[in-house]
Amino acid sequence: MKRVFLSLFVAFILATFLVFLLGESPLLFLQVLATNVFRSQYDFGMYLFFATPLIFTGLAVSLPLRAGLFNIGVEGQLHMGALGCFLAGAWYPQAPYPLSIVLSMIAGILFGGMWGVIPGALRAYTGVHEVISSILLNFIAIAFTNWICLDFFQNPDSQNPETWPLSPSFLYKQYEIFAGAPVSAALLLGIACAVLLSALHKKTSWGLQLDFVGQQTEFARSYQLPVNKIMITSFFIAGILSAGVGFSEVLGNSGRFQVGFSPGYGFTGIAVALLARGNFLGTLASAFFFAYLHKTCMELEFESEKITRDFSLVLQALMISCVGAEIFFQKISQKLGKKNNDNS
Amino acid sequence: MTILDFLFFSLKAMLPLLCAAFAGLWSERSGVINIALEGMMLLGAFAAGCGAAWFESPTYGLLLTLAVGIVCGLTYGLMTVGLKMNQIIAGTALNLFAMGITPLLCNIMFGRTGGTPSLPIEHRLEWSGYGIVTLITTLTFYLYHFTPFGLSIQFAGEKPEALGSAGRSITRNRLLAVTLSGVFAAFGGALLSLFLSSSFVRNISAGRGFIALAALIAGKWKPLPTLFSCFFFGCLEIVPLLLQDGKWMGITIPSHVIQSFPYVVTLIIMAGLFGKMRAPAALGKS
C-alpha cells in the first residue's frame, strides 16, 4: 500500500513537470489541484457527481479483473444502461413515483447486463480476447444508442442531440445541500455496491472461485470449477454495475438521454480499477481520487489558456503507468533483499 | 459507384490499416501484445499534421512522424520489455496518453482542440502515400521471411529460450521489434491525416488500431494473409459509401447503423474464426 502512494507521488511529480513543459505554470496547477473541490458547496457537489459514475465503472472493471479478464467495454455498457433507464420512462410515463424509479433501474440493469455478457460469452465459448470484442462493442453501443436517441426520441424543443425529458416521477431527489449540483441517491447506491461486492468477495465461495479462476485459469478447469460460468457472470454483473452510471445521469441529473453525456467514464473506470488492483473497497477510494483529478482538469480548463480537460486522460495514463511500473520496482527490491540475505 | 471505384477506394482505405497491422505483426510476433496501436496511430497522425502545417511540406510531416514513432515504440518497449509491466495495462496507458495529449498539444499549438489546420494538396501526400506503404510492406516481407532478424523475432515470440541458447538477446530483439512497430503504426496514422484527409482531426483513428489488430489475428499473424485481411477490412469501411441516400434495395438504413457496420462485421468474423487461430506461443509472457 505504501508503494502505491509512492508511485502516485512519482506520477504527480511527472504531471507537474508535464504541465511545465506544456508552457503552463506548475504553481497554478498545484493551486487548482489543492483547492478546486473545496471552493463551494456546488464544487464539492460536482466532485461527488463525478465520483458516482466512477464508482460504478471502476467496480465494473474490477470484478472481471479479479477473474483475470479485462473489461474495456464499460463505456458501451454504460451507454446501453442509460438508454435502458430512459426507455422505461418513455414506455410507461404514467408510472407513479417509487414504481417508476424501480422500473427504470430494472430496465437499465437489463440493458447494461445484456450488453456486458457479450464479451464474456465470446471469450468463454469462442476464445475471442475480451479486449478486442469489448472495444468493438463500445463503438457499436454508442452508434446504437445515438440512433435510438436521435431517430426516435429526439427532443423537438431542443437544439441539442438529446431525448425529450422524462416525467418528474422518474427522477431521484437531489440533495439540496450541494446548491444545485446533481448529487443523488446514486452515490449511496454506488458506495453500497462497493461494500456489498467486497463482502461477497471475501466471505463467499463465489469470491474464492473468482480469484482462483483469475490466478490459475487452467488449474481451475481441472478442478471442475465452472470457469465459463464465472467468466460470463462476472461480465454480466459488470454490465449491471455500468448501468449505475445511467442511474446517476438519467435518473439523477438530466432526466433524459443526452448524446455524449459520458466524458469517458468507462475509460476512466479502467484507470480506477487498475489503481485499486482489483480490491473493491480500494476501487471506491480510487474512484474518489480520479474524480478529484477530473474535477481539477475541468477547473483548469477555465483557469488556464493552455490546458484543456483532455489533460485528465494524460493524468490517468501517468497514474496507471506509475502504478504498473511499481510492480517492477517491487520485484527489484525483492531481488536486492534476497541478495543481501544470501551474502550475510 | 462502379466495381473499379469500389476496389480503388477500398485500396486507399486499406493502407493505414495495413501499416498498423504490420506494426502489430512485428510486436506480437516478438511476444509483446500491442493494443496501443490506436494510440500510436493517433500520435503519428498528429505529428504528421503538425509537421506538414508548420513547415508547409509533407516531408517534414513524415520526418516528425518517424521521430514520434521511434519515441512511441521505444517507450512502449521500455514499459513492456524493460519494466515488464502488464502489457494490456501498458497499452491502455499509452492509448489514454495519446487520446489526451493530442487535443492538448493541438490547443497549445494551433489554438483549438478540433484539429490541425487544413492543408492544401501541395502539402499532403499523393503518390508518395502509396510509396510509403509499398516500402513498409516490402520491408516487412523481406525482413520477416529472408533475414536472420526476422527469424530471431519469430523465435522471440514462439520459443524465447532458443534465442537465449543461441546467444542472442531476447530483450534486445523484442525492443527492436516493438520500436519498429511504433514506427509503422505512426506512419499508418500519418497516412490517415495526410493521405486520406487534409489534416489531423480529434480521434481521427476511430478505432482503426483495433480493427488492425483484428485483421492481424484474422491473418494468423503472418504477412501475406494479413495483407488480404486488411484489404477485406478496407472493403468493409467502404461498403457504407455504397448506400446512396442510405437506401439499400429500397429500405432506408439509418446512418448510425451504417457507421457501425465495419465494427459489427469485424466482431462477427472474430467470433466465427477464432477457434482456429493460433497466437505466437510466448505472446504476452514476459
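Please refer to the structure higher up on the page.
A.B. asks: Before we go on, may I ask you to explain the overall build of chain B in this structure?
C.D. replies: Within chain B, the regular secondary structure consists of eleven helices and two strands. Along chain B, helices (α) and strands (β) appear in the sequence α-α-α-α-α-α-α-α-α-α-β-β-α when read from the amino end. Counting the 286 residues in chain B, one finds 57% classified as buried. In chain B, 79% of the contacts between residues at least 6 apart in sequence involve partners at least 24 apart. Here chain B displays about 11,500 Å² of accessible surface, and carbon together with sulfur accounts for 69% of that area.

A.B. asks: Explain the nonpolar core here, please?
C.D. replies: Nonpolar side chains in soluble globular proteins tend to be buried together. Among the nonpolar cores identified, the biggest contains 196 residues, and Leu59, Phe70, Phe86, Phe290 and Phe311 of chain A together with Tyr76 and Phe233 of chain B are the most heavily contacted of them. Looking at which element gives the most residues to this core, the answer is helix 3 (residues 41-66) of chain A, with 14 residues. If near-sequence neighbours (up to four positions away) are discounted, Phe290 of chain A is found in contact with Leu54, Thr268, Ala271, Val272, Leu275, Gln316 and Met319 of chain A.

A.B. asks: Would you take a moment to explain the interface of chain B and chain A for this structure?
C.D. replies: Size of an interface: often given as the accessible area lost when the parts come together. Taken together, the 40 residues of chain B in the interface contact 40 residues of chain A. Across the interface of chain B and chain A, roughly 3,500 Å² is buried in total on both sides, 83% from carbon and sulfur atoms. Put simply, chain B and chain A have one salt bridge between them. A salt bridge links Arg202 of chain B to Asp310 of chain A; the nearest nitrogen and oxygen atoms lie 2.3 Å apart. Linking chain B with chain A are three residue pairs in polar contact (both at pLDDT 80 or more). Those elements that place two or more of their residues in the side of chain B that touches chain A are helix 3 (58-82), helix 4 (87-110), helix 9 (208-218) and helix 11 (255-273) of chain B. The element contributing the most residues to the side of chain B that touches chain A is helix 4 of chain B, with 14 residues. A per-class count over the side of chain B that touches chain A returns 28 nonpolar, eleven polar and one charged.

A.B. asks: Could you clarify how one ought to interpret the packing of aromatic side chains in this entry?
C.D. replies: How two aromatic rings sit relative to each other is given by the distance of their centres and the angle of their planes. Following the criterion strictly, the structure yields 29 aromatic pairs over all chains and no others. Taking the centre distance of 5.7 Å and the plane angle of 85° together, the rings of Tyr47 of chain A and Tyr292 of chain A count as edge-to-face. Pair noted here: Tyr47 of chain A is in helix 3 and Tyr292 of chain A is in helix 12 (residues 280-303), with a separation of 245 residues, a long-range link. Aromatic rings pair up to connect Phe38, Phe44, Tyr47, Phe288 and Tyr292 of chain A into one cluster. The ring of Phe195 of chain B carries Lys12 of chain B above its face, with NZ or CZ at 5.2 Å from the centroid.

A.B. asks: Looking at this model, I keep getting lost on a nonpolar patch on the surface. Mind explaining?
C.D. replies: Residues and elements named next belong to chain B. Residues Trp54, Phe55, Tyr60, Leu63, Leu66, Ile70, Leu74 and Met109 make up a contiguous nonpolar surface patch of about 740 Å² in total accessible area. Listed by contribution, the elements that provide at least two residues to the nonpolar patch are helix 2 (37-55) and helix 3. Residue contributions to the nonpolar patch peak at five residues, all from helix 3. With respect to the helices, strands and loops of the structure, Phe55 is situated in helix 2.

A.B. asks: Just to check I follow, could you spell out the environment of Glu305 of chain A for this structure?
C.D. replies: Note on placement: Glu305 of chain A falls in the loop between helix 12 and helix 13 (311-343). With a relative accessible area of 74%, Glu305 of chain A lands in the exposed category. C-alpha of Glu305 of chain A to C-alpha of Glu24 of chain A: the two residues are 281 residues apart in sequence and 8.3 Å apart in space. Those residues in contact with Glu305 of chain A that lie beyond four places of it in its chain are Glu24 of chain A together with Asn107 of chain B.

A.B. asks: Is there a simple way to explain the environment of His201 of chain A in this structure?
C.D. replies: Residues and elements named next belong to chain A. Relative to the elements of secondary structure, His201 occurs in helix 7 (residues 185-203). As a C-alpha pair, His201 and Glu303 span 102 residues in sequence and 43 Å in three-dimensional space. One polar contact links His201 to Asp211, side chain to side chain, over a distance of 3.0 Å.

A.B. asks: Explanation requested: helix 8 (residues 170-196) of chain B in the structure shown.
C.D. replies: Each full turn of the α-helix corresponds to 3.6 residues, which orients residues three or four apart in the same direction. Residues and elements named next belong to chain B. The end-to-end C-alpha separation of helix 8 is 37 Å, in line with the 39 Å expected for 27 residues at 1.5 Å each. Most of helix 8 is tucked away, with 20 of its 27 residues classed as buried. With a side-chain oxygen lying 3.4 Å from the backbone nitrogen of Thr171, the N-terminal cap of helix 8 falls on Ser169.

A.B. asks: Can you walk me through the packing of helix 1 (residues 2-21) of chain A against helix 2 (residues 26-35) of chain A in this structure?
C.D. replies: Relative orientation and spacing of two packed helices are given, respectively, by the angle between their axes and the distance between those axes. Residue and element names in this part refer to chain A. One way to put it is that helix 1 packs onto helix 2 with a least axis distance of 8 Å and a crossing angle of 130°. Of the possible angle classes, the one that applies to helix 1 and helix 2 is oblique. Side by side, helix 1 and helix 2 meet where Phe12, Ala15, Thr16, Val19 and Phe20 of the first sit next to Pro26, Phe29, Leu30 and Leu33 of the second. For the contact of helix 1 with helix 2, the per-class residue count stands at eight nonpolar, one polar and no charged.

A.B. asks: Explanation requested: empty space enclosed by the protein in the structure shown.
C.D. replies: In this approach a probe as big as a water molecule rolls over the atoms, and the regions it shows empty are the leftover space. Residue and element names in this part refer to chain A. A complete count under the given rule lists one cavity of 30 Å³ or more for this structure. Considering only enclosed or pocket space, the largest cavity measures out at about 30 Å³ in volume. In terms of lining residues, the largest cavity is bounded by Leu54, Pro263, Gly264, Tyr265, Thr268 and His294. Among the residues making up the lining of the largest cavity, the classes are represented as three nonpolar, three polar and no charged.

Thresholds, definitions, all that
- Residues numbered from 1 in each chain as written.
- Chains lettered and ligands numbered in written order.
- Predicted model: local features only at pLDDT ≥ 70, side-chain atom pairs only at ≥ 80, totals over all residues.
- Heavy atoms only, no water.
- Helix = DSSP H or I, 4+ residues; strand = E, 2+ residues; numbered from the N terminus.
- Buried < 20%, exposed > 50% of the residue type's maximum accessible area, 1.4 Å probe, protein only.
- Contact = heavy atoms within 4.5 Å.
- Areas by Shrake-Rupley, 256 points an atom, 1.4 Å probe, with all protein chains shown as cover.
- Core = buried A, V, L, I, M, F, W, Y, C linked by side-chain atoms within 4.5 Å.
- Buried area = accessible area lost by both parts, 1.4 Å probe.
- Salt bridge = Lys/Arg side-chain N within 4 Å of Asp/Glu carboxyl O.
- Polar contact = N/O pair within 3.5 Å; in protein donor to acceptor, adjacent residues only side chain to side chain.
- Nonpolar A, V, L, I, M, F, W, Y, C, P; charged D, E, K, R; others polar.
- Phe/Tyr/Trp six-rings, centres within 6.5 Å; stacked < 30°, edge-to-face > 60°.
- Lys NZ or Arg CZ within 6 Å of the ring centre and 35° of its normal.
- Patch = residues over 30% accessible without salt bridge, like charges linked within 9 Å, V, L, I, M, F, W, Y side chains within 5 Å.
- Expected span 1.5 Å × (residues − 1).
- Axes fitted to C-alpha atoms, helices over the stretch in contact; angles between N-to-C directions.
- Parallel < 35°, antiparallel > 145°, perpendicular 65-115°, else oblique.
- 1 Å grid on protein atoms, 1.4 Å probe; cavity = no way out; pocket = protein on both sides within 12 Å on 5 of 7 lines; lining within 4 Å.
- Points joined across faces, edges and corners; volume = space filled by probe spheres on them.

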